[in-house]
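Now for the letters of each chain:
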Amino acid sequence: MSTEQHDADAYGEELARISHHQHEATAARFTVFQALAAAGIGHEQADDIVAKLEAGAVAGAHTWISESSPPHKSEPRFEDGWFAGVRDVASYLLRIADTSAKAGRGRAASSAMLVTHLQEPASLAPEAMADEPAPGPASVPPLEAKDVLAAAECFSWAVAAPGTRHWPDGSDFLDVALSAVGDEERAGYIERLEAFVEEHRDRLEELLRAYGPGSRPASHGRYALVGQPETLVILERMETAPFLLRGRWEKELETVFLDDLEFAWGPRIRLSR
C-alpha cells in the first residue's frame, strides 16, 4: 500500500469517526431540548443553556491544545514551530467558542417544530377522505424551486462553476431543503436567502475554497454538496431550522451528505457537532 493510499484511508476513517460523533451529538441535543421543554424551560433559555455547554466543550479543547508540548528532546526549531502551531489552533478554537456561545438562536424552536411534525397523525386513507368536503383554495404562497435556484445561482462567488459541480442537477437536495421552509416563511423566502448569503459571504467563500471541487478533502470523494447552488438553501435552513431539516433529510436522502456539509461549515454555527 502506498503512503498516499494509507493517508487517504486514514483520513477516511477519521471522517467516519467524526461523522459518528456528529450524528450522536445531534440526537443528544434533540433529547436535551425535549427534556428542557418538558421542564418548562422556554426556547430562548434552552438555546442559551445548550450554546454555553457547547462553547464550554470547545473551551476544554482549547485548554488541552494550549497545554500540549512537543516531543521530548525536540530540536529548538521544531519546538518553535510546534508552539507557533499551537497558538494558531488555540486562537481559532477561542473564536469558535466565542461564536458557539452566541450562535444557538432558533434551535430549541426548531426542535419543537420537528417534534410536532413527528407527532402529526397519518394522512387519512382515500376512502375516508371521500366523504370530506373539498378543501378551499390554499392561502400559502407558492415557493417555486426554480425561482429559489435562480436566486442562488446569482451568487457566483459562493458556488462552483457549472462544469465542476458534483451534480449537474441537485433538485432532490433542493426539494428536501425547501420542505423545511415553514408556510409563514415562504412569502419572503428568496429575500431571506439573499440576505443570508450576503451576511455569510466570508464563510461561504472559505467553505468553497477549503472543501469545494478541486480541494484536497473533495478529492477523497466527500463534501460533494459544497459548491452546489442548492447548498446555499441547505445552509440557510441549517441555521434557521436545523432539526426540522435533518428530520426531513433522513427520510429522503443519505445522511452522509448532510453530515459532511455540517462538518465543513464548522462548529462556529449551531448544527456543527
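The structure this text deals with has already been given above.
Residues numbered from 1 in each chain as written. Predicted model: local features only at pLDDT ≥ 70, side-chain atom pairs only at ≥ 80, totals over all residues. Heavy atoms only, no water.

Undergrad: How would you explain the pattern of salt bridges if you had to name every residue and give the values?
TA: Going through the model one piece at a time under the given rule, you end up with 13 salt bridges. Across the pair K146 and D147 runs a salt bridge, and its minimum N-O distance is 3.3 Å. Under the relative-accessibility criterion, K146 is labelled exposed at 60%. Classification of D147 by relative accessible area gives partly exposed; the value is 35%. Note that R192 and E185 form a salt bridge whose closest N and O atoms lie 3.2 Å from each other. You can call R192 partly exposed: its relative accessible area is 35%. Through salt bridges that share partners, E185, R192, E236 and R237 make up one connected network. (Salt bridge = Lys/Arg side-chain N within 4 Å of Asp/Glu carboxyl O. Buried < 20%, exposed > 50% of the residue type's maximum accessible area, 1.4 Å probe, protein only.)

Undergrad: Account for unusual backbone geometry, with residues named and values stated.
TA: One non-glycine residue, K73, lies in positive phi territory at about 65°. Within the secondary structure, K73 sits in the loop between α2 (43-66) and α3 (76-100). In this model, Y223 sits at a positive phi of 60°, which is unusual for a non-glycine residue. Structurally, Y223 can be placed in the loop between α10 (216-219) and α11 (230-240). (Helix = DSSP H or I, 4+ residues; strand = E, 2+ residues; numbered from the N terminus.)

Undergrad: Quick one: what's the story with the nonpolar core, residue by residue and with numbers?
TA: By size, the foremost hydrophobic cluster in this structure holds 41 residues, and its most contacted members are L232, I234 and W249. At the level of elements, α6 (145-153), α7 (171-179), α8 (189-199), α9 (201-211), α11, α12 (242-252) and α13 (255-265) are the ones that each hand at least two residues to this core. In contact with W249, not counting residues within four places along its chain, are F173, V176, L225, I234, E254, T255, F257 and L258. Formed by 7 residues, the second largest nonpolar core is a distinct cluster that contains F30, L36, A46 and A108. (Core = buried A, V, L, I, M, F, W, Y, C linked by side-chain atoms within 4.5 Å. Contact = heavy atoms within 4.5 Å.)

Undergrad: Can you lay out α11 for me, pointing to particular residues and giving the numbers?
TA: The buried fraction of α11 amounts to 10 of the 11 residues, a majority that puts the element mostly inside the structure. Listed as buried for α11 are E230, T231, L232, V233, I234, L235, E236, R237, M238 and E239. Considering only its buried residues, α11 is in contact with α6, α7, α8, α9, α12 and α13.

Undergrad: Lay out the packing of aromatic side chains with the relevant residues and their values.
TA: Applying the stated criterion across every chain yields a total of 7 aromatic pairs. An aromatic cluster is defined as three or more aromatic residues linked by ring pairs; in this entry it consists of F173, W249 and F257. (Phe/Tyr/Trp six-rings, centres within 6.5 Å; stacked < 30°, edge-to-face > 60°.)

Undergrad: Got a sec to walk through the packing of α6 against α8? Specific residues and values, please.
TA: One way to put it is that α6 packs onto α8 with a least axis distance of 10 Å and a crossing angle of 25°. The pairing of α6 with α8 is recorded here as roughly parallel in orientation. Relative to α8, the crossing made by α6 is right-handed. In contact with D147, V148 and A151 of α6, α8 contributes Y189, I190, L193 and E194. In the contact of α6 with α8, the residues fall into 5 nonpolar, no polar and 2 charged. (Axes fitted to C-alpha atoms, helices over the stretch in contact; angles between N-to-C directions. Parallel < 35°, antiparallel > 145°, perpendicular 65-115°, else oblique. Left-handed = near helix turned anticlockwise from the far one by under 90°. Nonpolar A, V, L, I, M, F, W, Y, C, P; charged D, E, K, R; others polar.)

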